[in-house]
Amino acid sequence: MTPALIPPPLSLYVHLPWCVRKCPYCDFNSHAANGTLPFDGYVDALVRDLEQDLPLAWGRTVHSVFFGGGTPSLFPPAAIERILQAASARLRFAPDAEITLEANPGTAEHGRFDGYRAAGVNRVSFGIQSFDDGCLQRLGRIHDSGEAEAAVKLAQDAGFDNINLDLMYALPGQDLAMAERDLERAFALQPAHISHYQLTLEPNTVFFARPPQGIPDDDAAWDIQERCQALLAQAGYGHYETSAYARPGRQCAHNLNYWRYGDYLGIGAGAHGKLTLGAEQSILRRWKQRHPAAWMAAAGSAAAIGGDDRIDPQRRPFEFMLNALRLHEGFALADFEARTGLSRDTLAPALARAREREWLSVTDTRVVPTALGRRFANDVIELFL
Ligand SMILES: C[S@@+](CC[C@H](N)C(=O)[O-])C[C@H]1O[C@@H](n2cnc3c(N)ncnc32)[C@H](O)[C@@H]1O
Ligand code: SF4
């Protein structure tokens, strides 16, 4: 018998698309702010966008909210408050919902974090990238290391104890000792969570067109990764996803929901959503128009929707694995069935091949990537294409 699709936990993603300036390595939907930003108009458009998507999520509870960007900390606390009030008036929020706001240390001002907390934000994610001023300059960042530390302290003084620091490694001009020092300075701030990303050269960025000098080669990057993983473990940060490390109980609930093939509404310019529609037994992906001004003008109308795509059953195993195999915990076969509407038997040939290669360990109830499987993650996922 084919298992039924059962709607998984629901999250809400809110995209705020502006930055002080565009970083040369960044391919996110983010745009340099020229002049004053239309905060009120953007919030009005978010509310129209949410209203349009509401029928996709009737009666469901929101377990996490993520303000991503761009640089959400460019928005004043009153704007963030208005968005959260509008959302909680239209959707039921779990009492312990995790509400994260991404912040750029170069936009931190005294008083702002008190405002975000009063608005309901309970987690802050800082784009630190490095504590080395030379590296920060080569990355085109607007902040220096002193401002980074000061910003984190401001948030802590405002009462935030659930803080993530984004760091990147394999940076232009960075050696192993410098990458270690970045982590030591991060540990000194005692964040609950650290995201540690290898710098990648993304198409359509300045770095892709003109790669900077001094990027560590693959062997050097691998040495940095291995050494940093060991340092993070020693400092008490559990490695739970490809690039994510957390103190016990401090994993990011919002990202975990993505990786567990959960559902999310996505509102704002270029935002993506994924919704399981129980009544019609389908999975819908919906994305919004990318350009902020065009999206704002169209928000709430059909023209704001960049596309709607129903995920055929054949594509679901690959999509599921692309997310779930990033997690060290792997996944429960029962969750695979509930979230894809497919029998676990459809996985049997690929699981058998992955077991032969010692990439996955498989029991009657769970599938967990081995250390080898994590190293060859792309090859493992391809087995499910
Ligand atoms: C959307 S940004 C959010 C933070 C905020 N906009 C900032 O940069 O301060 C999310 C994170 O992705 C990481 N990131 C962005 N571009 C990357 C790249 N090309 N390679 C690796 N990590 C990248 C950075 O660590 C960044 O903080
Ligand atoms: S501040 Fe963040 S989102 Fe904005 S351009 Fe830089 S990396 Fe991208």
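Keep in mind the model is a prediction, meaning the values are calculated, not measured.

Helices and strands together make up the secondary structure of the protein chain, namely 15 helices and 17 strands. Relative to a compact globule of 385 residues, whose C-alpha radius of gyration would be 21 Å, the protein chain shows 21 Å and is just as compact. Each principal axis of the C-alpha atoms in the protein chain carries an extent, and together these give about 60 × 50 × 40 Å. Across the 385 residues that make up the protein chain, the buried fraction comes to 41%. A separation threshold of at least 6 residues defines the contact pool for the protein chain, and within that pool the share at least 24 residues apart is 72%.

Moving on to the site of ligand 1. Near ligand 1 lie 16 residues; those nearest to it are Y25, N104, G127, D166 and Y197. Every element with two or more residues in the shell around ligand 1 is listed here: β4 (61-69), β6 (123-129) and β7 (163-169). Here the shell around ligand 1 is built from residues that sort into 6 nonpolar, 7 polar and 3 charged.

This part covers the sheet that holds strand β15 (residues 331-332). In space, the 3 strands of this open sheet follow the order β15-β17-β16, with antiparallel pairing throughout. Pairing within the sheet leaves two strands with one partner each, and these edge strands are β15 and β16 (360-362). Of the pairings in the sheet, the one linking β16 to strand β17 (residues 366-369) comprises 3 bridges and is antiparallel in character. In the sheet register, S361 faces β17, and the bridge partner there is V368.

A few words now on the nonpolar core. Generally speaking, nonpolar side chains in soluble globular proteins are found buried as a group. The biggest cluster of nonpolar side chains holds 94 residues, and the ones touching the most others in it are V14 and I80. Taken together, domain 1 (10-257) and domain 2 (314-382) each give at least three residues to this core, which thus spans both. In contact with I80, not counting residues within four places along its chain, are F67, F75, L101, Y116, A119 and V121.

Moving on, we get to unusual backbone geometry. Glycine aside, residues mostly have negative phi, and peptide bonds are mostly found in the trans state. Going from G69 to G70, the amide bond is cis rather than trans, its omega being 20 degrees. With respect to the helices and strands, G70 occurs in the loop between β4 and α2 (77-90). Here E358, not a glycine, exhibits a phi torsion of approximately 60 degrees, which is positive. Counting through the fold element by element, E358 comes out in the loop between α13 (348-356) and β16.

Moving on, we get to the site of ligand 2. Looking at ligand 2, the residues that line it are C19, K22, C23, C26, F28, S30, G69, G70, T71, N104 and G127. Broken down by class, the residue content of the shell around ligand 2 amounts to 4 nonpolar, 6 polar and 1 charged.

Now for the environment of R315. On the secondary structure map, R315 appears in the loop between β14 (305-310) and α11 (316-324). Each C-alpha atom of the pair R315 and T340 lies 9.5 Å from the other, and the pair is 25 residues apart in sequence.

Take the environment of L16 next. As for its placement among the helices and strands, L16 is situated in strand β1 (residues 10-16). Using a count of 29 C-beta atoms within 10 Å as the deciding quantity, one classes L16 as buried. Put simply, L16 and T71 are 55 residues apart on the chain and 6.6 Å apart in space, counted from C-alpha to C-alpha.

Let's shift gears to α11. Of the residues making up α11, those classed as buried are R316, F320, M321 and A324. All buried residues of α11 project into a common sector of 125 degrees when viewed along the axis, lining one side. As for α11, its buried residues are in contact with α9 (253-259), β13 (282-288), β15, α12 (333-340) and α15 (377-382).

Splitting the protein chain by domain gives domain 1 (10-257) and domain 2 (314-382). The C-alpha-based centres of domain 1 and domain 2 are spaced at 29 Å. In this complex, domain 1 contributes 4 residues to the contact, which on the side of domain 2 involves 4 residues. The class makeup of the residues in the side of domain 1 that touches domain 2 is 1 nonpolar, 2 polar and 1 charged.

What counts as what
- Residues numbered from 1 in each chain as written.
- Chains lettered and ligands numbered in written order.
- Predicted model: local features only at pLDDT ≥ 70, side-chain atom pairs only at ≥ 80, totals over all residues.
- Helix = DSSP H or I, 4+ residues; strand = E, 2+ residues; numbered from the N terminus.
- Rg over C-alpha atoms; globule rule 2.2 N^0.38 Å.
- Buried ≥ 20, exposed ≤ 12 C-beta atoms within 10 Å, placed from the backbone.
- Contact = placed C-beta atoms within 7 Å.
- Near = placed C-beta within 6 Å.
- Nonpolar A, V, L, I, M, F, W, Y, C, P; charged D, E, K, R; others polar.
- Pairing = 2+ DSSP bridges.
- Core = buried A, V, L, I, M, F, W, Y, C linked by C-beta atoms within 7 Å.
- Domains from an automatic or database assignment.
- Arc of directions from axis to C-beta.

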